[in-house]
Every structure is written in structure tokens, then in C-alpha cells.
Protein chains: 2
Amino acid sequence: MNEGTCVDDKAPVAELADRLVDGEVSTEHDVLAAQRTDEAYLTPSGWPLCSVYARSTADVVETMRWAARHRVPVVPRGAGTGLAGGALAGDGALVLSLERMMAVRELSVDDRLAVVEPGVITADLARAADERGLMYPVDPGSASRSTLGGNLATNAGGFRCFKYGVTRESVLGLEVVLADGRVVTTGHRTTKGVSGYDLTGLFVGSEGTLGVITGATLRLRSKAAGPRATVAACFPDAAAAARAPLELARAGLLPSFLELIDEVTLRAVRAWQPLDLPGDGEALLLAEFDGADAGGAAARMGQLCGTLDAAVTVTTDEEESERLLSVRRHALGALERMGRTMVEDFVVPRSRLGDMLAEIRRIAARHDVLIGTVAHAGDANLHPTLLFDRGEPEIPARVWAAADDMFRTALRLGGTLTGEHGIGTLKRRWLRDELGDDATDVHRTIKNALDPLGIMNPGKVL
Amino acid sequence: MNEGTCVDDKAPVAELADRLVDGEVSTEHDVLAAQRTDEAYLTPSGWPLCSVYARSTADVVETMRWAARHRVPVVPRGAGTGLAGGALAGDGALVLSLERMMAVRELSVDDRLAVVEPGVITADLARAADERGLMYPVDPGSASRSTLGGNLATNAGGFRCFKYGVTRESVLGLEVVLADGRVVTTGHRTTKGVSGYDLTGLFVGSEGTLGVITGATLRLRSKAAGPRATVAACFPDAAAAARAPLELARAGLLPSFLELIDEVTLRAVRAWQPLDLPGDGEALLLAEFDGADAGGAAARMGQLCGTLDAAVTVTTDEEESERLLSVRRHALGALERMGRTMVEDFVVPRSRLGDMLAEIRRIAARHDVLIGTVAHAGDANLHPTLLFDRGEPEIPARVWAAADDMFRTALRLGGTLTGEHGIGTLKRRWLRDELGDDATDVHRTIKNALDPLGIMNPGKVL
């Protein structure tokens, strides 16, 4: 650690500490060590200057004013569960932690909304909504640990997007502190509302590069009625399983959960624990239906998968459902038993899911990397996990080459670089390939207009 | 008409005509007269310089380059069905008509999307999707005449937003020509995708002030299965009817159509034609359910409205449904029989629908204006129609005063100035009241960054 950085800048950090209302500043090594990375397992160059724990919007305002005055780069941070390096904080940066702003300010049943601070844990809001007969549907894999602020910054997705959309579809409005410390509110308390530009959408998913989200008005929905119904369909291979989502869509079936587990991954789960699946097919499609017609829809999906050569179980028994759905939950853990992992995230047009799975197999062979893939199959959002030896000091070149090959292939098939994890540090080098030069320039124009000093999470996204 | 404007500028207009690939330029009086207004019935000051009918993106590029070179303001235009004066074209402006760019470039069943040009009529896309077993759900009142480009520019809504959202929720990506003639594509062919900033959302609803939309990739959905079911519930008054949507939401009922018709409006329809409604209650709530559980949901709504003092009809008979739903379709026509009309559009939080209806009655009395209100009741999006004498040369001061009173009241109740019509020219003066100074300045910052010469639809929105 270069402790000199902290010493040199002690004076301004003390000035900042004086200005905070309820927040705290830390320059402790352990704090900075924990807060300079996220779950992308990338290492930033150098060490942050300090870490601020904000407790209020006023703290964030003071922090941004101070940072603007001293030209200090600011890295906003939630729980650090990000997978794209959006929260990496390197040399001389100020880590702005929103974790301690954790109040649910309001939860209105009649207006079907919650007003939250950014540090609220995703699952806590889901639970609070559920207790009032409502639903907050956004359900990222890290929901029990991730903050809503982090979900907003990355426009997080999860298991229920096919039916309920990503985070953006559940945001009515925001409170944002700009790079110069001004506070703006965007959006509405109403579901409909088209006054002015969609600043809400602009800040959601901007990964801390345009401002700091200090509050959000989130849309809640009616809790789906009746018991859920689960379908597990074992297909001969992933190619066969990949055809089913298209047929489901043609039949008008809209599961709230639709996950594909490929051969490599299913083999890894089977090697870890005994599975009681229908048949011994090599690839699995798991679905859950909610709502009044859940049972009927699940039965129709079961029939349909049967005509596509799958062995099928349909159940409304909660225990059996849990057991079946746990196969998906154990997927990453099963792969992690086999080595170090790099989890990827991209999307292709629905019709190209099977093509992309075939390409991944070719890419795995070409670069000699074992790749296990799960996919949010309804949206063709794939998560290939690239495996490598635990002994490797860093991500090996052939793994990067395989990732590069996958990203370019996804773009060639008409897809996009990320469905829910964000661009962060990890995918920055590919973004221009997706956006093109002119749209990249428009991004830069907007970034420069809102953050002329370039202090908001520099080096991320653009 | 100030015909001098055209003569003075003949040279540059001829230059423009030479540069267009397939498009045409017109300076004819009749063309300009038809294209300088929309359905807000406001009169712009002065006359436009010329009108361009673009047939391709290349025409739009050439037009924008020419306009930038000569500092000519550009007013993009679809069918002119806008209700907020967003397409008013005054002194020296160039009207850029996209009506002739009317190709559906692609309609993919498997990818569930359509790639369209901006001049496609909304209902034509809905029909094309329907023929392929899909649904384009956005259904503004003007769907048979409005263009998708206009819908995109205003982020149009309509009758099915409570279940399916406004236009934004059906847009995957755009092609946009910027103020300097550069062409950018935004968004994806995938439903999910979080790469970079949400430029798609930024351009949708920006009412032609940030760029010209020349193409869109629109999301299609599965067509709802089974027969629809309709509910008509006659309540003693609008206050009683306004309580029902909250109870429906609590019961998890999600109609695809939920319209409230107040006492003034229902009286006007009854005075025009005999209605066979359940009971003689003064206010009406009409609902339609689609999907597999439509009949069951309609029956539950019927029971629920019965407990709220309504007389109820529930039907799955198509002819009877049509007859009931036609009451809503005849609402504006019935009011128009009574005088000239000014149709308004704003939204309040769901819980304040009844309060806002009561406020409208007070405002009508205070300013001596007859006001009949219909509402997209699920979203509490109200459309009060203000009536005045056909002999008035322009909108009378007391009508403006009543409108002003309504807008301020809606904002005070936590609402927003527009749910689907846009800000345009009509509501520009109130926008800062809603956004606040800092958010207004952010709008201006973005506008200046993307349109530094200020030639994109100046005088609208901001």
C-alpha cells in the first residue's frame, strides 16, 4: 500500500470530515482495502485517498462540493457486489459509500410505491413489500446482499426480468446529487408521466458516472395471486432446450422465471449432489409461473416441452418446486468447486439463443477454456462461467481471449454486451464496438455536460 | 400570410431541394397552412419557411446539415395529431415531415419485434402484429391516424397503459438524426440490455427537441389468449367510482382497460344517444380484461364494485362489450356537441384520484367553466375537457385560468403535468414548477450539449 497518498492529502480530508453532517470519513487501511474492489475480482491501480460513509443526502452534497473543489475523483459504492468493476477505486479516489443510508422512507399500498434510500438491501424491500401484499419484482442473484443503490446504478436484472423487466421498469423517480453538489429530483410519484426528458432513465444504469443516487421512488406491483407452479424439463442437449423459449412465446406463455442450464453446468451440479430430475437429459430448462392461471400455464408448458423431446415434471408442491429450482441456485457454486471463475453476462436476440450456445462451445474448444453456461432463457441473457486454475495469479490470457471472442460473437449476432451487470471497468474496451463512434461521442457529450470536471467515477463505462 | 418569408429565402431552399435524395420540398401556402399547427388548436406566430417531406434517413441527414448551416429551426412532424402544440411551426421554421417514411422494415415473430420507419400509422403496426399472433399494445386515442414517430416523440399513452405501459415500455432502440446531421443508433434488438446510457429513453418523449427519430425497433408481445371480458359499473357519483381502482389493485386485478367517466360527461353522452347501462348511476367505470383468466377477473371486479354501491354488468359477449366500451369512445364527441373544447392531460398519485376529481368540480365552479372529465383510472391519468362557446375567437381567459388552477392542483397533490400528450407549447410555462430549478437546468444543459445551435424544435418543452 502506498500510504503516502493518505498522508499527503490529510489536510483536505480533515476539512471534509468537518463538513459532513452525520457521515464519517475513514483513511484506515482495512477499510480502504475492503472498499477499493467489488466482485469482478479486478485490482485497481493504487489506493484510494479515503472513504466516506454518508448518512444523508446532505453528506453527499458536502462530499461532492469538496470533491469538486479539490478535483478528487469520486467512486460511489453500495454493497460492492458488482460484477463488472464499476466500484473499483484506485489512486487518490474518494470512495463514497451509501450503505448507511438505509431507510425505507415510505411504503404506500394505495400509491403502490416505496421511497427508499440507496443503502436498503434489495431483499429487505422485497420482504417489506410482500408483508403489505405487494411485490418488488427485481430479483438479482445477489438480492440478499446487494443494495438498491447498486441495483439502480447498474440497472440490475435477475430471475424475473422476462415477465417483470429490469430495475428501470420499477423506477418512478430519483433523487440525485450532481457532480457539483446540486440535488435534483427526477420522475414522478405516478406510474405515468411524460413531463420533460427522461432523466430517471438516464441516471439508472449510468454506473455512478453522472451523479450519485441518494433516493428512489420505486414502483411496487400487486402480489401474484394463488400458488405458483414449477416446470422442470430435461432435454437431450442445450440446443434442444434453447428451442423451447421461442415455442413458449409463440404459445403466449409468460413464466416469471425461465432458466436454461447447459451440459457443462448440469454435469457439475450432478457431480456435486444427487439430483432427482425427470430423465437423464444433459440440459435443463426450469420455469416458474405465478398468477391466477399458473397451474394451467405450467401444464401447457409441460406438454409443449414434451413435444420437443424433453422429460418433464410439473408441480405445484412447494417442497418439490424448491428442490427443482435449487438446481439453478447451485449452478455457480458447482462450477466454483472446479476452479476460479469469471462470470460473464451478455444478451442475444431471442432467436439466436441456440446459435450463441453453439458458438460458446466452439469458443471453449478454440481457446481451451472450460465454460459452463446458464441463461435467463426468456430474454436470451447468457451467463457463461469461464473456469481456470485456482493457482493462476490473475485471469489468464486465454480466458480473456475467450471472453473477447464471446463478446464479439454476441455483437455479431445482434446482441449487446451486458444484460444486467453493467460495463464498469471490465467491458469498457468493447463498448465502442457495440455503440459505434457517433453514439459513443453522444455518451461523452452528455458525460462532459453533467460532469465537466470528470470526477464522477472516472474510467468506468466510457 | 407573410409570403415575403418564402421569397427572401428562395436561394437556400432551392439548395436544399437539390440535396434531397428522394424527398421533396414545398413552399406552397396550402401545405404550410396545414403543417404549421397540430390538434392543440394554437396558432404559431408567423409562417414556416418551407416543408420537407423526407422519404429516407438520408433526406433527414441532408435536411439537418442544411438547417445547421443556415441556422434554420426545424420542426419534426408526423400526422399532426398532437394535443400540446409540439408541432407548431412559426416564423422561418422548416417543417420536417416524416409521414412518407412509412415502411415496416421488419416484423420478427421469434425476436418479437418490429423495425419501423416513423411515418407508420400506429394502428397499421398493431394490425400487422395481430396478423402474426403478436400485439403492439400502445393504443392512443388517435391510433388510426397518429404515426409511430409522433407517438415516440411524445411518449404517447392510451387505453392500455395500466397493464402495458406507455410507448417507452415498447421501445427497444432508435435511429436518430442529430441536430448536426450525424446518425446514431441507440438500444438493442434484445429486450434486456444495459450497455451505456439509456439514450433510447432520452430521445423518446423529447418532442423533437434533441434529434429526429428516423427509425425504431419496437417490442411486440404475445397476443393475450382467450376471449376478453368487459365490466360496466354505474356508481352514484365520480367520488364513489374513484375508490374502485384502489380496491382493484389491492385485489390484484389488472384490467387492460380501465376508464372512469364523470357525471358531466356521462350526462352529455346520455343526452346524445340512449344508453343501456346497469342502473342510472351518475358516473361510470368501464373495464376490460384480457388473458387466460379474463372471465374470472371480470367476475371478481363485478363483485367488488357491487360492494362499493355500483350496479354492474359483466359480459364476455363481443357485441355487448363493444356497446359498453363505445360509451368511452363517444365521450369527447358528446362534449364537443356542447361547444369548443380544450382537452387536458395530467396525472396524480393513484390515491388522489378522488381528491383531484373533487378539486376539478371546485375549479369548474370557481372559474365558471363547464368541465367534463374522463380518466385512465388505473394510472389516475385525467383528461378534463374544458368547454367554451363556439363563438369565442380564441381560448377565453377564464378557461386558461381554470387550466392553470388544475395544473397547479395536480402538482400540489404530487402529480405531473402530462401523462401522455407531452409539454409542447401548451404547458411550457408550467414545466419549471414541476421540475424545479436545478432539474430544469439539467434539461437545458442536455439540450445545449446535443443541439448547441438551438435549431431542434425551439420553443417547445423548455
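Only a predicted model underlies this, so the values are computations on that prediction, with no experimental measurement involved.

Draft legend 1. Local environment of the overall build of chain A. A tally of regular secondary structure across chain A gives 17 helices and 19 strands. Its C-alpha atoms give chain A a radius of gyration of 23 Å, near enough to 23 Å, the size a compact globule of 462 residues would have. Taking the principal axes of the C-alpha coordinates as reference, chain A spans close to 70 × 55 × 40 Å. In chain A, the share of contacts with a sequence separation of at least 24, taken over all contacts with a separation of at least 6, comes to 73%.

Draft legend 2. Expanded view of the packing of aromatic side chains. Under the defined criterion, the tally for this structure stands at 8 aromatic pairs over all chains. Ring centres 4.6 Å apart and planes at 80° place the aromatic pair F407 of chain B and W430 of chain B in the edge-to-face group. Highlighted residues: F407 of chain B in helix α15 (residues 397–412) and W430 of chain B in helix α16 (residues 428–435), separated in sequence by 23 residues. Overall, F407 of chain B belongs to the buried group, its relative accessible area being 1%. Three or more aromatic residues link up through ring pairs in this structure, and these residues are F346, W400, F407 and W430 of chain A. Positioned above the aromatic ring of Y53 of chain A, the side-chain terminus of R100 of chain A is 3.7 Å from the ring centre. Over the aromatic face of W47 of chain B sits the side chain of R36 of chain B, whose NZ or CZ is 3.9 Å from the ring centroid.

Draft legend 3. Layout of the interface of chain A and chain B. Contact residues are listed per partner, giving 75 residues for chain A and 75 residues for chain B. Interface area, chain A with chain B, both sides summed: about 5,900 Å², of which 60% is carbon and sulfur. For chain A, the biggest contributors to the area lost against chain B are K192, V194 and Y197 of chain A; these three give 17% of the whole. The interface formed by chain A and chain B holds 4 salt bridges in total. Taking the shortest distance from any N to any O, the salt bridge between E420 of chain B and K192 of chain A comes out at 2.6 Å. Here chain A and chain B share 28 residue pairs in polar contact (both at pLDDT 80 or more) between them. Within the residue set of the side of chain A that touches chain B, elements represented by two or more residues are α7 (161–164), β9 (183–187), α8 (199–203), α9 (238–250), α16 (428–435) and α17 (437–450) of chain A. With 10 residues, the single largest contributor to the side of chain A that touches chain B is α17 of chain A. In the side of chain A that touches chain B, the residues fall into 29 nonpolar, 28 polar and 18 charged.

Draft legend 4. Fine view of the side chain of T313 of chain B. Residue and element names in this part refer to chain B. Tracing the sequence through the fold places T313 in strand β15 (residues 311–315). Residue classification places T313 among the buried positions, given a relative accessible area of 18%. Beyond its immediate stretch of four places on either side in the chain, T313 contacts T230, V231, A232, P278, E320 and L324.

Draft legend 5. A look at the pairing of strand β4 (residues 94–97) of chain A. Residue and element names in this part refer to chain A. Of the two faces of β4, both are covered, the one formed by L94 and L96 as well as the one formed by V95 and S97. Where strand β2 (residues 50–53) meets β4, 4 bridges bridge the pair, whose relative direction is parallel. Each residue of the ladder has a partner; that of S51, found in β4, is V95. Pairing of strand β3 (residues 74–77) with β4, which is carried by 4 bridges, proceeds in the parallel orientation. When the bridges of β4 are listed, R77 appears paired with S97.

Draft legend 6. Representation of the nonpolar core. Ranked by size, the top nonpolar core spans 189 residues in total, and within it M301 of chain A together with M301 of chain B carry the most contacts. Take this core: its biggest share by element is 8 residues, from helix α15 (residues 397–412) of chain A. Excluding residues that lie within four positions of it along the chain, M301 of chain A makes contacts with V231, L248, L253, L258, L285, A287 and F289 of chain A.

Draft legend 7. Here's a closer look at the UniProt feature "domain: FAD-binding PCMH-type" (unreviewed entry) in chain A. Under the present numbering, the feature "domain: FAD-binding PCMH-type" (unreviewed entry) in UniProt falls on residues 44–223 of chain A. Secondary structure across residues 44–223 of chain A divides into 22% helix and 25% strand, with the first and last C-alpha atoms of the span separated by 42 Å.

Draft legend 8. Highlighting the environment of D433 of chain A. All names here are of chain A. For D433, the position within the fold is in helix α16. Residue D433 is classed as partly exposed on the basis of its relative accessible area, which comes to 43%. As a C-alpha pair, D433 and E62 span 371 residues in sequence and 38 Å in three-dimensional space.

Cut-offs used in this document
- Residues numbered from 1 in each chain as written.
- Chains lettered and ligands numbered in written order.
- Predicted model: local features only at pLDDT ≥ 70, side-chain atom pairs only at ≥ 80, totals over all residues.
- Heavy atoms only, no water.
- Helix = DSSP H or I, 4+ residues; strand = E, 2+ residues; numbered from the N terminus.
- Rg over C-alpha atoms; globule rule 2.2 N^0.38 Å.
- Contact = heavy atoms within 4.5 Å.
- Phe/Tyr/Trp six-rings, centres within 6.5 Å; stacked < 30°, edge-to-face > 60°.
- Buried < 20%, exposed > 50% of the residue type's maximum accessible area, 1.4 Å probe, protein only.
- Lys NZ or Arg CZ within 6 Å of the ring centre and 35° of its normal.
- Buried area = accessible area lost by both parts, 1.4 Å probe.
- Salt bridge = Lys/Arg side-chain N within 4 Å of Asp/Glu carboxyl O.
- Polar contact = N/O pair within 3.5 Å; in protein donor to acceptor, adjacent residues only side chain to side chain.
- Nonpolar A, V, L, I, M, F, W, Y, C, P; charged D, E, K, R; others polar.
- Pairing = 2+ DSSP bridges.
- Core = buried A, V, L, I, M, F, W, Y, C linked by side-chain atoms within 4.5 Å.
- UniProt positions renumbered as here; feature names shortened; annotations may be inferred.

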